[in-house]
Amino acid sequence: MKKQNNTYGRSVQRKGTAAKRGNTAGNRKSFVRKKKNTRWNIYVKAGIVVLILLTAALLIYSCLKKIENGTGVNVDASQPEIDVQLLTINEYSRPGIESDGITGIVIHYTANPGTSAQANRDYFEGLKDSGETSASSNFVIGLEGEIIQCVPTWEVAYASNSRNNDTISIECCHPDASGKFTEETYRSVVQLTAWLCKKYNLTQEDVIRHYDVTGKICPKYFVDHEDAWLDFRADVAAALEKGGAD
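So, how was this worked out
Residues numbered from 1 in each chain as written. Predicted model: local features only at pLDDT ≥ 70, side-chain atom pairs only at ≥ 80, totals over all residues. Heavy atoms only, no water. Helix = DSSP H or I, 4+ residues; strand = E, 2+ residues; numbered from the N terminus. Polar contact = N/O pair within 3.5 Å; in protein donor to acceptor, adjacent residues only side chain to side chain. Buried < 20%, exposed > 50% of the residue type's maximum accessible area, 1.4 Å probe, protein only. Pairing = 2+ DSSP bridges. Patch = residues over 30% accessible without salt bridge, like charges linked within 9 Å, V, L, I, M, F, W, Y side chains within 5 Å. Areas by Shrake-Rupley, 256 points an atom, 1.4 Å probe, with all protein chains shown as cover. Salt bridge = Lys/Arg side-chain N within 4 Å of Asp/Glu carboxyl O. Contact = heavy atoms within 4.5 Å. Axes fitted to C-alpha atoms, helices over the stretch in contact; angles between N-to-C directions. Disulfide = S-S within 2.5 Å. Phe/Tyr/Trp six-rings, centres within 6.5 Å; stacked < 30°, edge-to-face > 60°.

K.L.:
Would you mind going over the side chain of Asn90 with me for this structure?
P.N.:
Its place among the elements puts Asn90 in the loop between strand E1 (83–84) and strand E2 (104–109). Separated by 2.6 Å, the side chain of Asn90 and the backbone oxygen of Thr88 make a polar contact. Reaching out from Asn90, the side chain makes a polar contact with the side chain of Ser93 at a distance of 2.9 Å.

K.L.:
Quick question: what am I supposed to make of the pairing of strand E5 (residues 167–172) here?
P.N.:
Here is the key point about a regular strand: its side chains alternate between the two faces of the sheet. By the criterion of burial, E5 is predominantly enclosed, with six of the six residues buried. One ladder, built from six bridges, connects E2 with E5; its direction is parallel. Looking at E5, one finds that Ile105 is bridged to Ile168. Across three bridges, strand E3 (residues 139–141) lies against E5 in parallel orientation. Across the sheet, the residue bridging to Val140 is Glu171, located in E5.

K.L.:
Help me understand a nonpolar patch on the surface, please; the structure alone is not making it clear to me.
P.N.:
Nonpolar side chains collect at one region of the surface, where Val44, Ile48 and Ile52 lie side by side and expose about 260 Å² of accessible area between them. Relative to the assigned elements, Val44 resides in helix H1 (residues 7–69). Assessed through its relative accessible area of 35%, Val44 is described here as partly exposed.

K.L.:
Would you explain the sheet that holds E5 in this entry?
P.N.:
Picture the strands of a sheet paired through backbone hydrogen bonds; they go either parallel or antiparallel. If you trace the six strands from one edge of the open sheet to the other, you get E1-E4-E3-E5-E2-E6, paired in mixed fashion. Two strands lie at the open edges of the sheet, namely E1 and strand E6 (207–209), each paired on one side alone. Sheet topology places E3 next to strand E4 (residues 147–149); three bridges connect them, and they run antiparallel. Paired with Val140 across the bridge in E4 is Ile148. Here helix H2 (residues 117–130) sits on the sheet and contacts E3 and E4; the angle it forms with E3, its principal contact strand, is near 150°.

K.L.:
Sorry if this is basic, but what is going on with the environment of Val207 here?
P.N.:
Along the chain, Val207 turns up in strand E6. What makes Val207 buried here is its relative accessible area of 1%. Here the alpha-carbon distance between Val207 and Thr167, two residues 40 residues apart in the chain, equals 9.4 Å. Val207 has contacts with Ile105, Ile107, Thr193, Cys197, Trp229, Phe232 and Arg233, leaving out every residue within four places of it along the chain.

K.L.:
Looking at this model, I keep getting lost on the state of the cysteines. Mind explaining?
P.N.:
By definition, a disulfide links two cysteine residues through a covalent bond between their sulfur atoms. Within the structure shown, the criterion is met by zero disulfides. As a non-bridged cysteine, Cys173 has Cys172 as the owner of its nearest cysteine sulfur, 7.8 Å distant. Look at Cys173 and you get buried, because its relative accessible area is 0%.

K.L.:
For this particular structure, what's the right way to read the pattern of salt bridges?
P.N.:
Two side chains carrying opposite charge are able to pair once their charged atoms lie near each other. By the definition in use, this model includes 10 salt bridges. For Asp122, the salt bridge identified is with Arg121, shortest N-O distance 3.2 Å. Taking relative accessible area as the criterion, Asp122 reaches 37% and is therefore assigned partly exposed. In this structure, the salt-bridge partner of Glu125 is Arg121, at a minimum N-O distance of 3.7 Å.

K.L.:
How should the packing of aromatic side chains be read in this particular structure?
P.N.:
Ring pairs (aromatic) are described by centroid distance and by the angle formed between their planes. Tallied over the entire structure, the rule returns six aromatic pairs. The interplanar angle of 75° and the centroid separation of 5.4 Å between the aromatic rings of Phe181 and Phe222 together place this pair among those described as edge-to-face. Of the two residues, Phe181 sits in the loop between E5 and helix H3 (183–199) while Phe222 sits in helix H5 (residues 220–224), which places them 41 residues apart along the sequence. For the pair Tyr186 and Phe232, a centre-to-centre distance of 5.9 Å together with 75° between the ring planes defines the contact as edge-to-face. With Tyr186 in helix H3 and Phe232 in helix H6 (residues 226–242), this residue pair connects regions lying 46 residues apart in the sequence. Judged by its relative accessible area of 14%, Tyr186 falls in the buried class. In this structure an aromatic cluster arises from ring pairing among Phe181, Tyr186, Phe222, Trp229 and Phe232.

As structure tokens, then:
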């Protein structure tokens, strides 16, 4: 008998072997690819975690700096521009009584949303005729930052109850019922307060709210948002550190 020709069989065997080698190589490439993808995913996830941690750290740092340094309003303790419109001496808004010496500054809000400094000053002036109540303030700050002085700083104003005799009162206008001041009003009240602190040798610790005297919700925004009040005091302190011309 003739021997069968195994060329075809060997050829099929070689193809099968080559196919196996191809599959092995493909599997190896697939494994390497998966390994690279896994490693890449780990790097991406690690990067995201680092980014989140950095963001959180920056937010915490920002909050701490805000508490320490206030809102960063750029003013010093120089005397601001003041429109002096002293009230007529009368028993209802300017009694003409000399204070006992200034030991503090009291911040108020007008509780009349949208009204101007001039309108509030004129209301105080009108009390001499109407006699409907006793009320006034040494200063009123308007929505655009304008400052009107109604009563000399060495005289009593009817604003802070039991602290009328030893404090200076500042009324601040506000655009809406929240009681939050405009940027212009805020800037002026920081500078005016810092200037008065410098003039009377006071610090930000001597600056209080009407609320701290009687429990009245005044100034409303600074009572509702204790953090904003701390920021305000910090801004006054920062302005004092900068100093400024008398």
